[in-house]
Amino acid sequence: MIRRGLLALAALALLVAPLGVGRLYSAYYLNLATWIIIVALFAAALDFALGYGGLVSFGHAGFFGLGAYAAALTLRQWAATLWLPLLLGVLAAAALAGLVGWFAVNSRGVYLAMLTFAFAQLFYEIAIKWVAVTGGSDGLPGGPRPSVRLAGLTLDLSDRRHMYWLALVLAAAGFAVTRRIVVSPFGAALVAIRESEERAAAIGIDVDRHKRLALVISGGLSGLAGGLFAIHQNFVSPELLYFALSGEVVIIAVLGGIGTLYGGLVGAIIAVGLREILSTWTDNWLVVLGALYVACVMWFPQGLVRLARR
Amino acid sequence: MSLEAILTQLLMGLTVGVNLVLVATGLTLVFGMMGVINFAHSALFMLGAYVGLVVTRGLGDFWLGLTAAPVAIGALGAGVERFLLRPLRERYPESHLLPLLLTFGLGLFFEGAAKMLWGADVVSLARPPALSGALTLGRVTFPAYWIFALVAAAALAALVWLLVERTSLGLSIRAATQDATMAAVLGVNVGRLNTIVFGLGAGLAGAAGVILGTMTSLSPQMGGGVVLDAFIAIVIGGLGSFTGAIVGALLLGQVQSFGVALLPEFHTPLVFLVMAVVLVLRPTGLFGAGDRR
């Protein structure tokens, strides 16, 4: 009961947070919060594949970046819509995940990590080389941010508060859907596959189909996060497809705790927050971040969420 | 393409390919023995180049720099294996993910450290005076340094080949790659061997860093592209296979050299496509063992 109350309070605080902009804090912090929410969604999407399906992906930036590029390109083409870019971002990323899954589904562990890595890196190279469409390494500025009418209200995404609300609501929806899938029979079958493919197959679970579908769901959600990012930043660049981002999102999920979904939020707050703090405080933030990642892997790989629960 | 151009590209590809062998050897041996993809390898390559730079500038002698780099980076690699990777693998023997993440974090740390120590800008390491000229073979002229880079890397690679294929240490390495538990039962100190192999691979990457760094330029991100190529080479050749690494690296050197000349826009996506196709048709690569971890 107390836990419910606290959760409701936290949700309320998150919902009304934008009202404090200009009075309690500057828009910078709201932008940062939006960014954290998007990263948390991305980390949860990865966690779904990694923590529940046991699919070690080292190429999730491919799904995130493709979603971002698809959304940005759609926005440049038809500026007035909001749902179409997000939808196309999700579909493009899910389609890529389907393709990767088709190629990779019977490779395991490190081999799967490499195949996902290779696919993401392929798209990174395409984004750099196909200058006519992607703008090459300079990236692609978005068009004007969309403004849509929704149930009588105007959602104007050039207003940072509206952007925050959109990200919050969609990320929460993403979390809820993932949570629902995890506790469904499909989720239970995934966990069985993670624990032992042989035994799962022996009791009649179609292992390949489950893994493929898990990757598609995870990829689609990553694409949603990517699409949100493209609208939020109004800019996409090949870094969104680069393997460094793939590694970082895995670290963020691990930092929070794999197989928890909301661990991604904890990891995102720490990683994104720390990066912001460090980069204002010193130019050498990469050293600190790297050392922190090493320390996290060495001493509490089960993640902060479980560390706190102990 | 004229004959001269083809010869030039061929030699360029061979030079890059032989150096890729040095980089790929560490990656593939470490994977073969420990099942770990070392994402810090590019950072070790880069640190090697900077050690070469510092020693060369400090002592005024390129050859000292070229010698110091593999020794320093080899020691660093051995330390990483002994004090970070080994405890981690002992604590979580089942995890594929954690060692990978450890090396990823280390890579970021090293890159950050290089930025802190030497700045983010591109710098160049001067070629030794003896190698600054050009060599003319028939109708084709090459920079003398290319020939040196080719010969030096080939000599090092040959030494490693002798070590792996012809010494008792190499026999232990090959045995542990096939089955570490069985090798340990037969009296091989696998723990120490892991440290040696990781250090050896790191040292080779450090040497390649100096050789290739002098050929092009140095920056904290310089390792990314080269190690990615080495990585693709060992995937094509078969992870864990030393022969596969050599074949894959030499092949990739040529693909890169001619690819840049003939298909400047699309050669890299093409390389990845080749890799994906190889993985699908033969998931363990051209020379890989049947075991799929």
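Reading the values: the criteria
Residues numbered from 1 in each chain as written. Chains lettered and ligands numbered in written order. Predicted model: local features only at pLDDT ≥ 70, side-chain atom pairs only at ≥ 80, totals over all residues. Helix = DSSP H or I, 4+ residues; strand = E, 2+ residues; numbered from the N terminus. Buried ≥ 20, exposed ≤ 12 C-beta atoms within 10 Å, placed from the backbone. Contact = placed C-beta atoms within 7 Å. Nonpolar A, V, L, I, M, F, W, Y, C, P; charged D, E, K, R; others polar. Axes fitted to C-alpha atoms, helices over the stretch in contact; angles between N-to-C directions. Parallel < 35°, antiparallel > 145°, perpendicular 65-115°, else oblique. Left-handed = near helix turned anticlockwise from the far one by under 90°.

Undergrad: For this particular structure, what's the right way to read the overall build of chain B?
TA: A count of helical and extended segments in chain B gives 11 helices and 2 strands. Written out in order from the N terminus, the α and β elements of chain B read α-α-α-α-β-β-α-α-α-α-α-α-α. Projected onto its principal axes, the C-alpha positions of chain B cover 60 × 45 × 35 Å. Within the span of chain B, comprising 293 residues, buried residues form 53% of the whole. Of the contacts formed within chain B by residues at least 6 apart in sequence, a portion of 76% connects residues at least 24 apart.

Undergrad: Could you clarify how one ought to interpret the interface of chain A and chain B in this entry?
TA: Many descriptions give the size of an interface as the accessible area lost when the pieces come together. In this complex, chain A contributes 31 residues to the contact, which on the side of chain B involves 36 residues. Of all the elements in the fold, those that place two or more residues in the side of chain A that touches chain B are α5 (109-129), α11 (243-256) and α13 (285-299) of chain A. Here the residues of the side of chain A that touches chain B are counted per class, giving 22 nonpolar, 6 polar and 3 charged.

Undergrad: Looking at this structure, how should I read unusual backbone geometry?
TA: Glycine aside, residues mostly have negative phi angles, and peptide bonds mostly take the trans form. Residues and elements named next belong to chain A. One non-glycine residue, asparagine 234, lies in the positive phi region at around 60 degrees. If you trace the backbone, asparagine 234 turns up in the loop between α10 (207-233) and β4 (235-236). In this structure asparagine 234 comes out as partly exposed when scored by C-beta crowding, with 18 C-beta atoms within 10 Å. With a phi close to 65 degrees, leucine 261 is a non-glycine residue in the positive phi region. With respect to the helices and strands, the residue leucine 261 is situated in the loop between α11 and α12 (263-281). Note on leucine 261: 24 C-beta atoms within 10 Å, which makes it buried.

Undergrad: Explain the packing of helix α2 (residues 27-52) of chain A against α11 of chain A here, please?
TA: What describes two packed helices is the angle between their axes and the distance between those same axes. Residue and element names in this part refer to chain A. Running from amino to carboxyl end, α2 crosses α11 at an angle of 80 degrees, the nearest separation of the two axes being 9 Å. Classified by the angle between their axes, α2 and α11 sit roughly perpendicular to one another. Across the interface between the two elements, Val39, Phe42, Ala43, Leu46, Asp47 and Leu50 from α2 touch Val249, Val250, Ile252, Ala253 and Gly256 from α11. Grouping the amino acids of the contact of α2 with α11 by side-chain chemistry returns 9 nonpolar, 1 polar and 1 charged.

Undergrad: It is not clear to me how the environment of glycine 54 of chain A should be interpreted in this structure. Could you clarify?
TA: Residue and element names in this part refer to chain A. Along the chain, glycine 54 turns up in the loop between α2 and α3 (60-77). Judged by the 23 C-beta atoms lying within 10 Å of it, glycine 54 is buried. Taking C-alpha positions, glycine 54 is 33 Å from isoleucine 277, a pair spaced 223 residues apart along the chain. Not counting residues within four places of it along the chain, the set of residues in contact with glycine 54 comprises Ile193 and Arg194.

Undergrad: Before we go on, may I ask you to explain the packing of α2 of chain A against α12 of chain A in this structure?
TA: Residues and elements named next belong to chain A. The geometry of α2 relative to α12 is characterised by a closest axis approach of 8 Å and an angle of 135 degrees between their N-to-C directions. Here α2 is positioned oblique relative to α12, judged by the angle of their axes. Considering how the two elements wind past one another, α2 and α12 form a crossing that is right-handed. Contacts between α2 and α12 involve Leu32, Trp35, Ile36, Val39, Ala40, Ala43, Ala44 and Asp47 from the first element and Gly263, Gly264, Leu265, Gly267, Ala268, Ile269, Val272 and Glu276 from the second.

Structural measurements only, silent on function.
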